[in-house]
Every structure is written in C-alpha cells, then in structure tokens.
Amino acid sequence: MNVTEINRLDILAHIMGSFNRAQNTGLNCLIFLALREQTTIAYQKKEWGFEDIPQQIIVWCDSLEENDLIELGADIAAKLTRGTCHRFQRCAKS
C-alpha cells in the first residue's frame, strides 16, 4: 500500500489482525510519546527500541495528520481496554 493512500482505518485493521497485545501497547506508547514530544514515531522507535513493531507500520503512522494519529491511538487503547473488560466480565460472572 502506498503511503499517500494509507489511512487510520487501514492501519488499525492491519495491526488488529496481526499485532499481539504487547505490540499494540508499544505502538500506542510510541504514538503518544511522539505527540507529546512533537517528534516522529520513527524517532521514538529509535529512542526506545520496540523492534517488534514493523518499520512499515511506523512509516504509515508517521504519514498521518496529527488528529488522525490521536484517533488511531484512541482506537488502539479502546481495543486494548475492551479486550480486558471482556475477560474481566467473563471472570466476574463465573
């Protein structure tokens, strides 16, 4: 997929289909650190490591506008917390 054609939902679909929980959490950390520090996600990856996150995803995320990047981070966080809630609710009902 071409960087100019990628959007937040494409990235979200790709990572939700192939990333594990640790990778989703790591990507979210990099997204919000980049936003906080006003840098790129590629810079944050270089700074912190997180070698389990593919470079292509980093490039795609860095191509997003700031508001789309914030929404992507929120989408990832929502997915992570929904997974936790569902497990907790199942445990609480037993």
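Residues numbered from 1 in each chain as written. Predicted model: local features only at pLDDT ≥ 70, side-chain atom pairs only at ≥ 80, totals over all residues. Heavy atoms only, no water.

Colleague: I would appreciate a short explanation of the overall build of the protein chain in the present structure.
Modeller: A count of helices and strands for the protein chain gives 5 helices and 0 strands. Seen in sequence order, the protein chain has helices and strands lined up from the N terminus as α-α-α-α-α. Looking at the protein chain as a whole, 31% of its 94 residues are labelled buried. Considering only intrachain contacts with a sequence separation of at least 6, the fraction spanning at least 24 residues in the protein chain is 64%. (Helix = DSSP H or I, 4+ residues; strand = E, 2+ residues; numbered from the N terminus. Buried < 20%, exposed > 50% of the residue type's maximum accessible area, 1.4 Å probe, protein only. Contact = heavy atoms within 4.5 Å.)

Colleague: When you look at the pattern of salt bridges in this model, what are you seeing that I'm missing?
Modeller: Two side chains of opposite charge can pair, provided their charged atoms sit close to one another. In this structure the tally under the stated criterion is 3 salt bridges. With a shortest N-O distance of 3.3 Å, Arg8 and Glu71 are connected by a salt bridge. In this pair, Arg8 sits in helix H1 (residues 8-18) while Glu71 sits in helix H5 (residues 66-93), placing the two residues 63 residues apart along the sequence. In this structure Arg8 comes out as buried when scored by relative accessible area, which is 17%. Among the residues examined, Glu71 registers a relative accessible area of 38% and is labelled partly exposed. For Glu37, the salt bridge goes to Arg36, with nearest N and O atoms at 3.2 Å. Classification of Glu37 by relative accessible area gives partly exposed; the value is 42%. In this structure, a network of salt bridges that share partners links the residues Arg8, Glu71 and Asp75. (Salt bridge = Lys/Arg side-chain N within 4 Å of Asp/Glu carboxyl O.)

These results come straight from atomic positions and should not be treated as a statement about function.
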